[in-house]
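# Chain and residue survey
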Amino acid sequence: MTRPAHESPAPASAERLEALVADLSGLDLVRAGLELERLSSDYFDYSPLLHRQLQGRLAQLVVRAQSVDDVLRVAAACARHEVALTPRGAGTGNYGQCVPLAGGVVLDLSGLNRLRGFDPASGIVTAEAGCLLASLDRQLEPHGRALRLAPSTYRSATLGGFIAGGSGGIGSIRWGFLRDPGHLLGLEVVTLEREPRLLQLDASASRALNHAYGTNGLLTALTLATTEAVDWRQLVLEFEHWDAALEAARALPAAALLLNALCLLEAPLARRLPSPAGCPPAAGHRLLLLAAPDALPVLEPWVPQLGGRIVWQAPQAGARGLPLRELSWNHTTLHLRAQDPGWTYLQLLLPQPEGPAIAALRRRWGDDLLWHLEAVRQQGVARLAALPLVRWSGDGPLAELIAQVKELGGVLFNPHVLTVEDGGLGVIDADQVAAKAAHDPRGLLNPGKLRGWLER
Ligand SMILES: Cc1cc2nc3c(=O)[nH]c(=O)nc-3n(C[C@H](O)[C@H](O)[C@H](O)COP(=O)(O)OP(=O)(O)OC[C@H]3O[C@@H](n4cnc5c(N)ncnc54)[C@H](O)[C@@H]3O)c2cc1C
């Protein structure tokens, strides 16, 4: 063996690939064609920088696993032949998380989609990694329970992909982010070794695999805390003045109202997005709310006092057409790019109150920066996370914008980078690296995505 484990493996030679395929006989394999291209990709083209780096990167083989036994077989074969292995859920990540940088195998885990167990006394659920989040929620509903957090891709994303590649979304206004202790209670994990182990990790041991892009273990089942199911109402509020809308976005989460999402869209952005069925097109700045039914008697008189009006409301359950959820979080980028692919985005926390920093950025960037904010709980404190849409005009202007955000005291979660660390606070998590050493000693899992491993 000549390759040091911290260096990314090279794509497999034709001979090695054939030996691997022979070991995987009887499994569902995709060896070429459009399906292989689709399963090698995700939504990285939201970033022109990632697009440049990732376009055309392909798996040499895709395996569609249906069971934990399939995963154990694939892991053993990849370890034996020293071939890179990149796990994949639904492929809705935005940062090329499941794009195979070193060729090799993409392992599609969406076939592992069974509910393993539910404890009615505690609400704790255990489900396989490929379960779609919406489908899992439907199975929790008869028990009066629901997932605490979901991405706006709730209908298409998998549980394993959300934990390994996501961060938060709907529910973050109450429950913060996925890495906050208390959400992920346990993992079942397959290691990448010649004789793969099937590990059962408790909440504490699971932390290092939470948001690690599948670089340090193949998740086959996850145990999570849930919350009580609520019959959420969808509301669209409209404001003539930006300052009033921003003030309402700060005031509503601070009240004793049960909210599951609050999304603020400035008028030029709101006007370009679709509206839910029956909701009039946007005329001003919009607040999209998911609120509990008992919030309505408070909101109805309060919203006009805040300078807004409720222009539409409907129950979320059974709603036809576009749910409000799919106008929030990264769906704003999706809708805007569907009209004009010349837009990209950033993710940041601005210094509080956010008004002055937004005004400073507006003065410099005008209509090339459209404001979208989401109410979240960050380390227990109510905040507004910003996901502004950015008109792409090249690497230089993006770097200038990022520098200005930092000068203003903003914290960037950069969506234009490949590694776990650089998409977060830039800090290497020694526990993530140690878990990789323990579970993937040859560095074959999703190579190139954990900077701490590359820099060991
Ligand atoms: C329109 C749009 C809106 C979005 N909104 C949000 C949002 O609100 N919040 C949010 O956090 N994200 C959001 N995202 C990003 C993405 O949807 C989420 O991260 C989602 O949860 C990913 O799930 P997935 O099943 O598609 O995972 P994939 O994209 O398939 O995988 C994500 C990462 O997890 C790894 N992985 C997948 N399955 C496993 C497994 N079983 N074991 C080990 N590793 C695994 C992959 O290798 C990859 O690194 C959005 C993306 C889009 C395109």
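As a reminder, the structure under discussion sits directly above these lines.
All of these numbers come straight from a predicted model, not from anything done at the bench.

### Overview of the overall build of the protein chain
- Regarding its fold elements, the protein chain presents 17 helices and 22 strands.
- Since a compact globule built from 456 residues should have a radius of gyration of about 23 Å, the 22 Å found for the protein chain is in line with a globular shape.
- Seen through its principal axes, the protein chain has C-alpha atoms that stretch 70 × 55 × 40 Å.
- Counting across all 456 residues of the protein chain, residues that qualify as buried make up 58%.
- Counting only contacts in the protein chain whose residues sit at least 6 apart along the sequence, the fraction spanning at least 24 positions is 72%.
- Roughly 17800 Å² of accessible area belongs to the protein chain as shown, and the carbon and sulfur atoms make up 53% of that amount.
- Each charge sign in the protein chain was given a centre, from 42 positive and 46 negative side chains, and these centres are 1 Å apart.

### Some thoughts on the site of the ligand
- The environment of the ligand is made up of 38 residues, and the closest members are Pro87, Thr92, Thr158, Ser167 and Gly168.
- Between the ligand and the protein, one listed contact pairs an oxygen atom with a backbone N or O atom of Gln97 at 3.1 Å.
- Expressed as a share of its isolated accessible area of 970 Å², the protein-covered part of the ligand is 97%.
- Going through the elements one at a time, strand 3 (85-88), helix 6 (159-165), strand 10 (218-224) and helix 12 (331-339) are the ones with two or more residues in the shell around the ligand.
- No other element matches helix 6, which puts five residues into the shell around the ligand.
- Looking at the shell around the ligand, its residues break down into 16 nonpolar, 21 polar and one charged.
- Counting only domains with at least three residues in the shell around the ligand, you end up with domain 1 (115-228) and domain 2 (233-412).

### Here we look at helix 9 (residues 242-254)
- Compared with an ideal rise of 1.5 Å per residue, which puts 13 residues at 18 Å, helix 9 spans 19 Å between its outermost C-alpha atoms and is within 8% of the ideal.
- Considered for burial, the residues of helix 9 that qualify are Trp242, Ala244, Ala245, Leu246, Ala248, Ala249, Ala251 and Leu252.

### Let's talk about the packing of aromatic side chains
- Inspection of the entire model under this criterion finds two aromatic pairs.
- Seen in terms of ring centroids, Tyr43 and Tyr46 are 5.9 Å apart; in terms of plane orientation they differ by 80°. Their pairing is edge-to-face.
- With relative accessibility at 6%, the residue Tyr46 sits in the buried group.
- On the basis of an interplanar angle of 85° and a centroid distance of 6.2 Å, the ring pair of Tyr46 and Tyr345 is categorised as edge-to-face.

Rules of the game
Residues numbered from 1 in each chain as written. Predicted model: local features only at pLDDT ≥ 70, side-chain atom pairs only at ≥ 80, totals over all residues. Heavy atoms only, no water. Helix = DSSP H or I, 4+ residues; strand = E, 2+ residues; numbered from the N terminus. Rg over C-alpha atoms; globule rule 2.2 N^0.38 Å. Buried < 20%, exposed > 50% of the residue type's maximum accessible area, 1.4 Å probe, protein only. Contact = heavy atoms within 4.5 Å. Areas by Shrake-Rupley, 256 points an atom, 1.4 Å probe, with all protein chains shown as cover. Lys, Arg positive; Asp, Glu negative; His and termini not counted. Charge placed at Lys NZ, Arg CZ, Asp CG, Glu CD. Near = heavy atom within 4 Å. Polar contact = N/O pair within 3.5 Å; in protein donor to acceptor, adjacent residues only side chain to side chain. Nonpolar A, V, L, I, M, F, W, Y, C, P; charged D, E, K, R; others polar. Domains from an automatic or database assignment. Expected span 1.5 Å × (residues − 1). Phe/Tyr/Trp six-rings, centres within 6.5 Å; stacked < 30°, edge-to-face > 60°.

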